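So the chains spell out like this:
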Amino acid sequence: MGIAAERLDVLRRADPELASLMSAELDRQQYTLELIPSENVASPAVLEAVGSWLTNKYAEGTPGKRYYGGCEFVDQIEALAQQRACALFSAEHANVQPHCGSSANLAAYMAICKPGDTILGMDLSHGGHLTHGSPVSFSGIFYHAEFYGVSRDTEQLDYEEVRRRAQEVRPQVLVAGASAYPRVFDFKALAEIAQEVGARLLVDMAHFAGLVAGGAHPSPVPYADVVTLTTHKTLRGPWGGMILCPEERAKEVDKAVFPGAQGGPLLHAIAGKAVALHAWAQPEMQGYAQRVVANAKRLADGLMSEGLRLVSGGTDNHLMLIDLRPLQLTGRQVQEAFDRAHVTVNRNSIPFDEASKFNPSGIRLGTPAVTTRGMGPGEMDEIAHLIAQLIHHLGDEAVAEEVAGRARALCEAYPLPYS
Ligand code: DSN
């Protein structure tokens with residue numbers, strides 16, 4: 001019996017209503033082409049660690065310095081996760097307690113600046129993240145937020161323009177990283193800009209941490225004052241966050257995480273992070289990051305050859321953005337049509353989008369999850385064709401049905417690792 005069947009068996013006896021919802025979600029995941037670039041498929045070993053008795057333990061503090069008794073084993077578990085994170089990313093210090101990327105960013109700001117300071121981050125509509133200064137997030141509420149964006153011509157970052165903005169606003173923190181930017185970052189250039197204006201450099205590598213881990217994206221670790229990441233995206237671990245920094249900042253970062261931003265750490269999630277970090281040293285992960293990027297490039301080329309326009313003309317990482325403006329379609333329309341065809345994507349703003357954030361003009365998609373399921377170049381060609389068919393024939397039920405059938409067949413050929 002696989003891990004899913006075993007767990008559902010236990011749950012059916014304890015809580016049939018919840019078991020039936022979880023079973024339905026498992027089916028959705030099993031038979032849906034998952035193209036949301038921030039999602040992935042955690043291994044059965046990660047699920048075992050996360051769904052374990054470690055959830056019972058309180059351990060406020062850090063390994064060896066806890067406010068609770070009985071921490072001798074969880075101390076070793078957390079220290080193991082820290083050592084593995086430092087080894088994988090060549091970092092001097094890792095705090096593995098952040099519950100998610102937003103908590104990691106909250107603690108990172110607390111460690112390197114104070115309320116009211118100026119932070120300069122990438123505009124959300126150009127690919128940035130809510131926690132990089134949006135007025136609806138703590139980052140825009142507690143700090144004075146300014147933004148830089150991509151250039152209108154290339155839809156890519158122009159580092160001279162970032163420098164000009166930094167000189168103009170003199171931030172205490174320069175924030176780099178994004179949730180919808182299909183290109184790699186030049187961390188050396190960003191570090192130089194930060195240094196020139198006396199700012200600290202915070203790199204949020206939530207999206208591309210797995211690409212960094214696998215050597216398919218430059219690492220910000222040698223350049224940044226603080227690096228934050230999530231563990232559930234390209235890193236292929238459990239839901240969670242993490243912070244990396246030089247040893248000299250370790251104390252400030254640890255204090256900012258606890259008691260600054262959080263209470264007790266989630267030891268079950270930390271164990272899951274340890275398992276995922278360990279997996280990067282195993283043969284099964286060899287080449288994964290390169291395959292994610294190669295698949296993304298192949299998918300992007302396929303979409304463009306089917307007449308779709310991609311923001312910045314392609315991708316260098318795991319994600320891409322389709323510009324729906326030339327087709328006079330909206331992101332919401334397309335996302336909903338994709339859902340009906342068992343292909344999951346998300347609508348997203350694109351640079352210089354004049355549509356509302358709730359119904360923007362872009363579709364964001366990526367390859368981490370389908371690559372984990374084992375799909376390769378041939379499947380990317382087919383997926384590009386299916387997506388183009390859906391978009392070019394939006395509302396045609398016969399096409400949607402045909403795509404749904406092909407999407408299901410692909411999912412059946414590359415099953416989730418839970419049965
Ligand atoms: N909301 C996440 C994403 O989907 O990219 C980023 O935190």
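Parameters and conventions
- Residues numbered from 1 in each chain as written.
- Predicted model: local features only at pLDDT ≥ 70, side-chain atom pairs only at ≥ 80, totals over all residues.
- Heavy atoms only, no water.
- Helix = DSSP H or I, 4+ residues; strand = E, 2+ residues; numbered from the N terminus.
- Rg over C-alpha atoms; globule rule 2.2 N^0.38 Å.
- Buried < 20%, exposed > 50% of the residue type's maximum accessible area, 1.4 Å probe, protein only.
- Contact = heavy atoms within 4.5 Å.
- Lys, Arg positive; Asp, Glu negative; His and termini not counted.
- Charge placed at Lys NZ, Arg CZ, Asp CG, Glu CD.
- Pairing = 2+ DSSP bridges.
- Axes fitted to C-alpha atoms, helices over the stretch in contact; angles between N-to-C directions.
- Left-handed = near helix turned anticlockwise from the far one by under 90°.
- Nonpolar A, V, L, I, M, F, W, Y, C, P; charged D, E, K, R; others polar.
- Near = heavy atom within 4 Å.
- Polar contact = N/O pair within 3.5 Å; in protein donor to acceptor, adjacent residues only side chain to side chain.
- Areas by Shrake-Rupley, 256 points an atom, 1.4 Å probe, with all protein chains shown as cover.
- Salt bridge = Lys/Arg side-chain N within 4 Å of Asp/Glu carboxyl O.
- Expected span 1.5 Å × (residues − 1).
- pLDDT = per-residue confidence, 0-100.

A. The overall build of the protein, seen in detail. Summing up its helical and strand segments, the protein has 16 helices and 15 strands in all. In terms of overall size, the protein behaves like a compact globule, its C-alpha atoms giving a radius of gyration of 21 Å where 419 residues would be expected to give roughly 22 Å. With respect to the three principal axes, the spread of C-alpha positions in the protein is 60 × 60 × 35 Å. Every one of the 419 residues in the protein was classed for burial, and the buried ones make up 57%. Sequence-distant contacts, at least 24 apart, represent 72% of the contacts inside the protein between residues at least 6 apart. Taken as two groups, the 36 positive and 49 negative side-chain charges of the protein have centres that lie 3 Å from each other.

B. Focus on the sheet that holds strand E9 (residues 226-230). Within the open sheet, the seven strands sit side by side as E4-E10-E9-E8-E7-E5-E6. Their pairing is mixed. What marks the edges here is a single partner per strand, and that holds for strand E4 (93-95) and strand E6 (144-148). Strand-to-strand twist in this sheet, taken as the mean axis angle between neighbours without regard to direction, amounts to 20 degrees. Sheet topology note: the strand E7 (residues 173-176)/strand E8 (residues 200-204) ladder contains four bridges and is parallel. Within the sheet, the bridge partner assigned to Leu174 lies in E8 and is Leu201. Along the sheet, helix H4 (residues 72-89) makes contact with E4, E9 and strand E10 (241-245), crossing E4 at roughly 130 degrees.

C. Inspection of the packing of helix H12 (residues 288-305) against helix H15 (residues 377-392) at higher detail. As a packed pair, H12 and H15 sit with axes 8 Å apart at the nearest point and diverge in direction by 35 degrees. Relative to H15, H12 is oriented so that their crossing is right-handed. Packed against H12, whose contacting residues are Asn295, Arg298, Leu299, Gly302 and Leu303, the element H15 presents Pro377, Met380, Asp381, Ile383, Ala384 and Ile387 at the interface. Grouping the constituent residues of the contact of H12 with H15 by class yields seven nonpolar, two polar and two charged.

D. The site of the ligand, seen in detail. Near the ligand, the surroundings consist of Ser38, His129, Ser179, His207, Lys233 and Arg364. Contacts to the ligand include His129, whose side-chain N or O atom sits 2.8 Å from an oxygen atom. Arg364 is positioned such that a nitrogen or oxygen atom in its side chain is 2.8 Å from an oxygen atom of the ligand. In the complex, the protein chains occlude 64% of the 230 Å² of accessible area that the ligand would expose alone.

E. Inspection of the sheet that holds strand E15 (residues 362-366) at higher detail. An order of E11-E12-E15-E14 is seen for the four strands of this open sheet, with the pairing classed as antiparallel. The sheet is open, and its two edges are formed by strand E11 (309-310) and strand E14 (346-348), each paired on a single side. Here E11 runs beside strand E12 (residues 319-323); their pairing, made up of two bridges, is antiparallel. By the bridge assignment for E12, Leu310 is matched with Ile322. Seen against the sheet, H12 touches E11, E12 and E15 and runs at an angle of roughly 15 degrees to E12.

F. Spotlight on the pattern of salt bridges. If you walk through the whole model with that rule in mind, you get 24 salt bridges. For Asp323, the salt bridge identified is with Arg325, shortest N-O distance 2.9 Å. On the basis of relative accessible area, Arg325 is assigned to the partly exposed category, the value being 33%. Beyond isolated ion pairs, a larger network of salt bridges with shared partners links Glu146, Glu161, Arg164, Arg165 and Glu168.

G. Expanded view of helix H5 (residues 101-112). The end-to-end C-alpha distance of H5, which contains 12 residues, comes to 17 Å, matching closely the 16 Å that a straight helix rising 1.5 Å per residue would cover. Within H5, nine of the 12 residues are buried, which leaves it mostly tucked inside the rest of the structure. Listed in full, the buried residues belonging to H5 are Gly101, Ser103, Ala104, Asn105, Ala107, Ala108, Tyr109, Ala111 and Ile112.

H. Here's a closer look at the environment of Ile270. Here Ile270 lies in helix H11 (residues 267-279). We classify Ile270 as buried; its relative accessible area is 0%. The spatial distance from the C-alpha of Ile270 to the C-alpha of Tyr159 is 36 Å, given a sequence separation of 111 residues.

I. How the structure looks around the environment of Gly121. Within the element layout of this structure, Gly121 appears in strand E5 (residues 118-122). Taking the C-alpha atoms as reference points, Gly121 and Val175, 54 residues apart in sequence, are found 4.6 Å from one another. Not counting residues within four places of it along the chain, the set of residues in contact with Gly121 comprises His132, Glu146, Phe147, Tyr148 and Val175.

J. Fine view of the side chain of Arg364. Residue position: Arg364 is located in strand E15. Lacking a salt bridge, the buried Arg364 has Glu39 as its closest oppositely charged neighbour, with an N-O distance of 7.3 Å. Side-chain polar atoms of Arg364 contact the side chain of His207, separated by 3.4 Å. Apart from the residues within four sequence positions on either side, Arg364 is in contact with Leu35, Ile36, Pro37, Ser38, Ser179, Ala180, His207, Met320, Leu321, Val345, Asn346 and Asn348.

K. Representation of the confidence of the model for the protein. Looking at the protein, the pLDDT average stands at 97 and 100% of residues meet or exceed 70. When the elements of the protein are averaged for pLDDT, helix H13 (residues 331-340) gives the smallest value, 94, and E4 the largest, 99.

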